[in-house]
Amino acid sequence: MINSPRARSGRAETERGSAAGEGNWTKAGRASVEFVVTHTPEGTETIEAFFARLAESLQRDAVTVLGMMIYGYVSAHPAAQRALRATFGEVRWPITWVEGASCDGRPLAGAQVLAVRDGIRVERVVLGGHVVGTVWDDGAARHCLLGGLGPVAVTMDRPAQTQQVFATLDAALDLAGFALGDVVRTWFFNDDILAWYDAFNRVRSAFYAPVKFRTGTLPASTGVAGRNPAGAATAVAAWAVRPYGEAARVVDVPSPLQCPASAYGSAFSRAVEIDSAGVRRLLVSGTASIEPGGKTVWQGDVAKQIELTMEVVGAILRSRGMTFADVTRANAYCKQPKFFAAFRTWQAAHGAEALPAVPIHCDICRDDLLFEIELDAVRANLG
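Parameters at a glance
- Residues numbered from 1 in each chain as written.
- Predicted model: local features only at pLDDT ≥ 70, side-chain atom pairs only at ≥ 80, totals over all residues.
- Heavy atoms only, no water.
- Helix = DSSP H or I, 4+ residues; strand = E, 2+ residues; numbered from the N terminus.
- Rg over C-alpha atoms; globule rule 2.2 N^0.38 Å.
- Buried < 20%, exposed > 50% of the residue type's maximum accessible area, 1.4 Å probe, protein only.
- Contact = heavy atoms within 4.5 Å.
- Lys, Arg positive; Asp, Glu negative; His and termini not counted.
- Charge placed at Lys NZ, Arg CZ, Asp CG, Glu CD.
- Axes fitted to C-alpha atoms, helices over the stretch in contact; angles between N-to-C directions.
- Left-handed = near helix turned anticlockwise from the far one by under 90°.
- Nonpolar A, V, L, I, M, F, W, Y, C, P; charged D, E, K, R; others polar.
- Core = buried A, V, L, I, M, F, W, Y, C linked by side-chain atoms within 4.5 Å.
- Pairing = 2+ DSSP bridges.

Caption draft 1: The overall build of the protein, seen in detail. A tally of regular secondary structure across the protein gives six helices and 17 strands. Here the C-alpha radius of gyration of the protein, 19 Å, is about what a compact globule of 383 residues would show, namely 21 Å. Buried residues in the protein amount to 59% of all 383 residues. The long-range fraction of contacts in the protein, counting pairs at least 24 apart against all pairs at least 6 apart in sequence, stands at 80%. Measuring between centres, the 38 positive side-chain charges of the protein sit 2 Å from its 39 negative side-chain charges.

Put into structure tokens, the structure is as follows:
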């Protein structure tokens, strides 16, 4: 669902967690206040069975859902909405739905749920009559997860819609008690991205130009193709952080094997790290087969592109004392569905079968890029 401030009114509502649960805890994830449940379809299960199984896995322990990202065909959206309501009742958290198609022809590719343990107070951010965000506190910083943001008018041209989306983002952050400079991670799912990615970058760069970001540089980000049920040019999600003094910090993490994305006109950082409440959360941007000078390499060879991509991501992880075993969430974006098999081959060859990657079929921001991955990793901060 795309949420926009059709009415500029909004509010924040406080609640303590309703049911959801432990799900896919990882060893690294246990150190953090929040955790991620990754859910992908099994066998021939229906959309209704998919969400029922998700709810069952969440109910193993009482937690509060912060937000969901759901990947699947736009045509599956009405059935998914009905299944969500039937399973969870009133949905009181932001949902970002994108296509995000599956790599095996099933209606859904997967879902990711960010949640916190029950008892932690959260505030829901309501804008234009929709829940567009959740705010929570880990003791060292306040966090805000926004999702499903879109333009007011989908009939405008794509750059104008993008300008409206940034205005929506700004309004939601302000309502939640944050500023644009607090944003550390964004996701942009752009309909037909290859037709207008340069124009999108110009709008984004102009909007960011006067902003002083907390990291001292730009947010980490993903920008890939993805239609949405509203027919908007883009669907957006974001994570913002506001530390309490020196109790927490957010820093830019450069890529040891790639140049900054800003060197070729893309306004995002390779990765950021949130160091808060004794935990380091590394958020790695969408990463692909790009050499240090900014050019695509291994054109036409998906196995080589995957190898280089994972080498680059591995170097970012190692630079922060982490490995693929610390990964808590990942998306594997494949230009063709068959390319996910090549990623599975890479996983098997590197002992990384447990990497919780959702396989997603979509275009990437360059026509010659065949594969891209984004991921988050978490590790306790031992000082």
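Caption draft 2: Layout of the packing of helix α3 (residues 158-176) against helix α4 (residues 197-208). At a minimum axis distance of 9 Å, the contact between α3 and α4 shows a crossing angle of 35°. Note that α3 runs across α4; the crossing there is right-handed. Between α3 and α4, the residues in contact are Pro 159, Thr 162, Gln 163, Phe 166, Ala 167 and Asp 170 and Ala 199, Phe 200, Val 203, Arg 204, Phe 207 and Tyr 208, respectively. Across the contact of α3 with α4, the residue classes tally to eight nonpolar, two polar and two charged.

Caption draft 3: The nonpolar core, seen in detail. Of all hydrophobic cores here, the largest spans 50 residues; its most connected members are Tyr 71, Leu 146, Leu 169 and Leu 173. Considering each element in turn, this core owes the most residues, seven residues, to α3. Ignoring any residue separated from it by four or fewer positions in sequence, one finds Leu 146 in contact with Val 132, Gly 133, Leu 169, Ala 172, Leu 173, Ala 237 and Ala 238. Core analysis: the second largest hydrophobic core is formed by 28 residues, Cys 103, Phe 340, Ala 357 and Leu 370 among them.

Caption draft 4: Molecular detail of the sheet that holds strand β3 (residues 63-72). Strand order in this open sheet of four strands is β2-β5-β3-β4, and the pairing throughout is mixed. Edge positions in the open sheet fall to β2 (34-39) and β4 (95-98), since each of these has one partner strand only. Neighbour-to-neighbour, the strand axes of this sheet turn through a mean angle of 15°, independent of strand direction. As judged from the four bridges shared by β3 and β4, these two strands associate in the parallel manner. Looking at β4, one finds that Met 68 is bridged to Ile 95.

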